[in-house]
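A structural walkthrough
Single-letter residue listing:
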Amino acid sequence: MTGILHRMGYQTIDVRPIAGALGAEIDGVDLSQPLDERTFDAVHRALLDHLVIFFRDQTLTPREQLVFARRFGGIHLHPFVKGLPDCPEIMPVIKEAGDTRTFGSAWHSDQMFTARPAMGTMLYAKAVPPVGGDTLYANMYMAYDALSDSMKDMLAALKTFSVGDRFKQAGGKSRAQRYAGTSKMGELLKDPGNVQTESAHPLIRTHPETGRKTLYIGSHAQRFKRMSDAESAPLLAFLKTHAVRPEFTCRFTWAEGSLAFWDNRCTQHFAIGDYDGHRREMHRITIAGDTPF
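All figures in this text were calculated on a predicted structure; none of them were measured in a lab.

Moving on to the side chain of K152. Assignment of secondary structure puts K152 in helix α5 (residues 149–155). For K152, which is buried and forms no salt bridge, the nearest opposite charge comes from D149, at a distance of 4.2 Å.

Structure representation (C-alpha cells):
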C-alpha cells in the first residue's frame, strides 16, 4: 500500500495509521477553516495512501463540511433520500433509540449502482451511542492483489450488474418499503427521476489517480453481466467473502465530532448495528465520481 506519495511524508499534518491494511487518523487540521493548498495536498495524499482518513474533535456546521467536501469535486446526491432542508447536499443518517434497522449494515461501496458512482464519502458524527456503532473498512487493492494470477485473468473481462432499489437479502422489498417507519433519515424521494439506479461496471477496476487495480465488488452487485443469477452466485459469493478477509480491514470507533473520509473506488465499508436503544446521528456527503474503467 505504501508508495512514492507516502514516502514523501506529510510536512503540514500528522498522519498516524490505525491498522496494517488501511486507515489513518490525521491531527493538526481544523476542518472548519479553509485549508491552504499545501495542507489540502497533504490531506489528499493521505487519502490516496491510506484509503480512509479520520479527523477527531471537529466542530463543523453543514456549510463548513460542504466547503471541505467541495475541495475534492462536485457533490453526488443520493437518488432515494433528500438532504437537509437548508443544505440538500448533506444527507442525515439518523438511527433513533427505537429504530431497528441500521443504514449501511452490509459490505458495500457507496452508489455502486449508479452510472458514475461516488468517488468518496464524508461522514461526520453529530451524536453517537455510548458504545457500539463502529464502522469497518476493507482494502480492495489488497483483495485484488491476493487473488491468484489465474483468477485475475479469468475476472479481467467480467462486469458486475449492480442494483440500487432492490436487494435480494432484503426479501425483495423496495427501498421505500424498507425505510418506511424504521428511521428518521431524510425524507424519501418518491421517484429517483433521471438517476440511473442499475448499472454494470468492471469487476476489476483501475483507480484513476493511483493507476492500481482494485476488486470492485459489494452488496449492490447482484450478478455478472450476461450471466444468470444462478451462474453468477458461486463466484460472487467467493469474491464477496474474500474481499473482506480480516487482514484487509480496519475498524473505527466514533466519537462526537469525528469525521471519516473514504475512497469508494478502492474500499468497502460496513456500519455495525450493535447499539439498539441508543441514538446515532451522522451527516453524510458523497463526492461525485467518474465512470469506472
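Once you've had a look at it, read on.
The residue D57 is not glycine, and still its phi comes out positive at about 55°. Tracing the backbone through its elements, the reader meets D57 in the loop between β3 (52–55) and α3 (62–70). Of note, the phi angle at R226 is positive, near 70°, even though the residue is not glycine.

Looking now at the sheet that holds strand β8 (residues 159–163). Spatial ordering of the open sheet is given by β9-β8-β12, a layout of 3 strands whose pairing is antiparallel. At either end of the open sheet lies a strand with only one pairing partner, and these are β9 (198–202) and β12 (221–224). For this sheet, the mean angle separating the axes of adjacent strands, direction not counted, is 30°.

Scanning the model with the defined rule gives 16 salt bridges in all. A single salt-bridge network, built from bridges that share partners, covers D14, R16, E25, D27 and R56.

Moving on, we come to the pairing of strand β16 (residues 280–287). With 8 of its 8 residues buried, β16 lies for the most part within the structure. Neither face of β16 is exposed, since R280, M282, R284 and T286 on one face and E281, H283, I285 and I287 on the opposite face are all buried. Where strand β4 (residues 75–76) and β16 come together, 2 bridges link them in antiparallel fashion. Counted as the bridge partner of I75 is I287 from β16. Alignment of strand β5 (residues 91–95) against β16, held across 5 bridges, turns out to be antiparallel. Bridging from a neighbouring strand, M91 pairs with R284 of β16.

Read from one edge to the other, the open sheet built from 3 strands follows the order β13-β7-β15, with strand pairing classed as antiparallel. Where the open sheet ends on each side, the last strands, each with one partner, are β13 (249–252) and β15 (267–271). Taking each pair of neighbouring strands and ignoring which way they run, the sheet shows an average axis angle of 20°. Bridge count between strand β7 (residues 135–139) and β15: 5 bridges; the pairing is antiparallel. In the strand pairing of β15, L136 is matched with F270.

Quick look at the packing of aromatic side chains now. Applying the stated criterion to the full structure yields 11 aromatic pairs. An aromatic cluster is present here, built from F40, F55, F68, F72 and F261 joined pairwise through their rings. The ring of F161 is capped by R223, whose NZ or CZ atom sits 4.5 Å from the centre of that ring.

The subject of this paragraph is α3. Residues of α3 that are buried include every one of Q65, L66, F68 and A69, and no others. An end-on view of α3 places all buried positions within 160° of arc, on one side of the element.

With that out of the way, let us pick up helix α2 (residues 37–50). Along its 14 residues, α2 runs 20 Å from first to last C-alpha, staying within 8% of the 20 Å computed at 1.5 Å per residue. Judged by how many residues are buried, α2 sits mostly within the fold: 10 of 14 residues are covered. Buried within α2 are the following residues: T39, F40, A42, V43, R45, A46, L47, L48, D49 and H50. Near the N-terminus of α2, the side chain that reaches the backbone nitrogen of R38, with its oxygen 3.1 Å away, is that of D36. Looking one or two residues past α2, L51 carries a phi angle of roughly 75°, positive in sign.

As a further point, take the nonpolar core. Considering soluble globular proteins, one finds that nonpolar side chains tend to be buried as a cluster. V43, F55, F68, F72 and F261 are the most contacted members of the largest nonpolar core, which has 30 residues in total. For this core, the secondary structure elements donating two or more residues are β2 (24–27), α2, β3, α3, β6 (120–127), β14 (259–263) and β16. When residues in this core are grouped by element, the largest group, 5 residues, is from α2. Setting aside residues up to four positions removed in sequence, V43 forms contacts with I13, V29, L35, I53, F55, F68 and F72. With 22 residues, the next largest nonpolar core counts L22, V81, Y137 and C250 among its residues.

What counts and what doesn't
- Residues numbered from 1 in each chain as written.
- Predicted model: local features only at pLDDT ≥ 70, side-chain atom pairs only at ≥ 80, totals over all residues.
- Heavy atoms only, no water.
- Helix = DSSP H or I, 4+ residues; strand = E, 2+ residues; numbered from the N terminus.
- Buried < 20%, exposed > 50% of the residue type's maximum accessible area, 1.4 Å probe, protein only.
- Lys, Arg positive; Asp, Glu negative; His and termini not counted.
- Salt bridge = Lys/Arg side-chain N within 4 Å of Asp/Glu carboxyl O.
- Pairing = 2+ DSSP bridges.
- Axes fitted to C-alpha atoms, helices over the stretch in contact; angles between N-to-C directions.
- Phe/Tyr/Trp six-rings, centres within 6.5 Å; stacked < 30°, edge-to-face > 60°.
- Lys NZ or Arg CZ within 6 Å of the ring centre and 35° of its normal.
- Arc of directions from axis to C-beta.
- Expected span 1.5 Å × (residues − 1).
- Polar contact = N/O pair within 3.5 Å; in protein donor to acceptor, adjacent residues only side chain to side chain.
- Core = buried A, V, L, I, M, F, W, Y, C linked by side-chain atoms within 4.5 Å.
- Contact = heavy atoms within 4.5 Å.

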